[in-house]
Amino acid sequence: MNPIELSFEFFPPKTQEGVEKLRATRAQLVPLKPKFVSVTFGAGGSTQQGTLDTVLDIAKDGIEAAPHLSCIGSSKESLRAILNRYRESGIRHIVALRGDLPSGMGEVGELRYASELVSFIRNETGDWFRIEVAAYPEYHPQSRSPRQDMENFARKVKAGANSAITQYFFNADAYFRFVDDVRKLGVDVPIVPGIMPITNFSQLTRFSEMCGAEIPRWVARRLESFGDDREAIRAFGLDVVTDLCRRLVDAGVPGLHFYTLNAATASKAICERLGL
Ligand code: FAD
């Protein structure tokens, strides 16, 4: 038995070519026996049908697929309709998020925070869904203080979440400290580290600026020094992220959740190097 539970995150493809590519990616990752895979959801409606279609396509292969659902910009009625469609389709696992409004879209919607969405899902559907929520070992970029962010996280778990997945990070100590501190706030659910393989420095820099994840200076300097040498970036990235995962696994984390960006190679290589 594999003691570490693996999960992989995908986004809904926008073209038929993207659909085929994702199927090929899945075929490479399925032999790693993930506990589940998840599919992101665009706030404001951009990928909502895509999320359902992708989840159903995955579920056809007998793999547990969890759609993400964000509440920002949505009415309770539209969230209820989505939850009902998932229920009718036999989906029992969901990742509940606040989401971020695309720039220019002003309406917050009826639920302001993920904790309110978790309560809403529990009120509407009881125990039908296993609910995951997001956690931020380096704190959410909009949070007023680390303390408040951790209290907000605890609130969302107490509203009925079964488990949490973190934002990606490269500082393992931030994760260990976060877990210790939220345990003291009464959070007892598994907190699974989110892992971002490093394959593209400019993309990673852009994502990290948006989500508030720190790229340690030594990692950034080395990646930068490789310029356009994608092979060198991949090789160094693989070493760094495998070492991070090894530390996490040795410390007894319950699982690893990979942000695959719909590509299998890097996530698969890390798992293989770890012997998972
Ligand atoms: P919340 O938990 O609601 O927190 C948001 C902010 O509000 C935090 O700063 C928090 O401290 C603060 N806060 C919370 N409650 C209160 C309160 N009662 N009073 C005052 N402040 C409060 N985005 C997408 O659009 N689609 C996706 O599919 C998606 N998937 C993700 C998957 C994972 C694993 C992660 C980590 C993130 C994902 N995101 C996704 C990004 C996420 O939507 C953003 O990070 C968003 O800004 C916050 O969502 P949340 O659910 O963490 O929000």
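Looking at an unreviewed UniProt entry, one finds the protein named Methylenetetrahydrofolate reductase, with Paraburkholderia kururiensis as its source organism. The heading Sequence similarities (unreviewed entry) in the UniProt record of the protein holds the text "Belongs to the methylenetetrahydrofolate reductase family."

## Re the overall build of the protein
Within the protein, the regular secondary structure consists of 10 helices and 8 strands. Considered along the principal axes of its C-alpha atoms, the protein spans approximately 50 × 45 × 45 Å. Among the 276 residues that make up the protein, the fraction classed as buried is 49%. Taking the contacts inside the protein whose residues are at least 6 apart along the sequence as the reference set, 78% of them involve residues at least 24 apart. Counting only carbon and sulfur atoms, one obtains 49% of the accessible surface of the protein, whose full area is about 13,500 Å². Placing the 34 positive and 34 negative side-chain charges of the protein at their respective mean positions leaves the two points 2 Å apart.

## Topic: helix α6 (residues 172-184)
Along its 13 residues, α6 runs 19 Å from first to last C-alpha, staying within 8% of the 18 Å computed at 1.5 Å per residue. Those residues of α6 not exposed but buried are Ala172, Ala174, Tyr175, Phe178, Val179 and Val182. One side of α6 carries all its buried residues, which in axial view fall inside an arc of 155°. Turned more than 90 degrees off the buried face of α6, the exposed positions are Arg177 and Lys184. Where α6 is buried, its residues contact β5 (130-135), α5 (146-158), β6 (163-168), β7 (191-195) and α9 (230-250). Backbone geometry just downstream of α6 places Gly186 in the positive-phi region, at approximately 95°.

## Considering the nonpolar core
Judged by nonpolar contacts, the single largest core of 83 residues is most densely connected at Leu6, Phe153, Phe170, Ile191, Ile198, Leu248 and Leu256. In terms of residue count, α9 provides more of this core than any other element does, 8 residues in total. What Ile191 contacts, discounting residues up to four positions off in sequence, is Ala135, Phe153, Ala164, Thr166, Tyr175, Val179, Val182, Arg183 and Pro254.

## Concerning the site of the ligand
Among the 21 residues in the neighbourhood of the ligand, the closest are listed as Phe41, Asp100, Tyr136, Asp149 and Lys156. One of the side-chain N or O atoms of Asp149 is found 2.6 Å from an oxygen atom in the ligand. Relative to its unbound accessible surface of 980 Å², the ligand loses 85% to contact with the protein. Those elements that provide at least two residues to the shell around the ligand are α5 and β6. For the shell around the ligand, the class distribution of residues is 8 nonpolar, 8 polar and 5 charged.

## Remarks on α5
An ideal rise of 1.5 Å per residue puts 18 Å on 13 residues; α5 measures up with 18 Å between its terminal C-alpha atoms. Those residues of α5 that fall on the buried side of the exposure criterion are Asp149, Met150, Phe153, Ala154, Lys156 and Val157. For α5, the angular spread of buried residues about the axis comes to 160°, placing them on one side. Here the buried face of α5 lies against α4 (114-125), β5, β6, α6 and β7. Two residues or fewer past α5, Gly160 is found with a positive phi of approximately 130°.

About the cut-offs
Residues numbered from 1 in each chain as written. Predicted model: local features only at pLDDT ≥ 70, side-chain atom pairs only at ≥ 80, totals over all residues. Heavy atoms only, no water. UniProt positions renumbered as here; feature names shortened; annotations may be inferred. Helix = DSSP H or I, 4+ residues; strand = E, 2+ residues; numbered from the N terminus. Buried < 20%, exposed > 50% of the residue type's maximum accessible area, 1.4 Å probe, protein only. Contact = heavy atoms within 4.5 Å. Areas by Shrake-Rupley, 256 points an atom, 1.4 Å probe, with all protein chains shown as cover. Lys, Arg positive; Asp, Glu negative; His and termini not counted. Charge placed at Lys NZ, Arg CZ, Asp CG, Glu CD. Expected span 1.5 Å × (residues − 1). Arc of directions from axis to C-beta. Core = buried A, V, L, I, M, F, W, Y, C linked by side-chain atoms within 4.5 Å. Near = heavy atom within 4 Å. Polar contact = N/O pair within 3.5 Å; in protein donor to acceptor, adjacent residues only side chain to side chain. Nonpolar A, V, L, I, M, F, W, Y, C, P; charged D, E, K, R; others polar.

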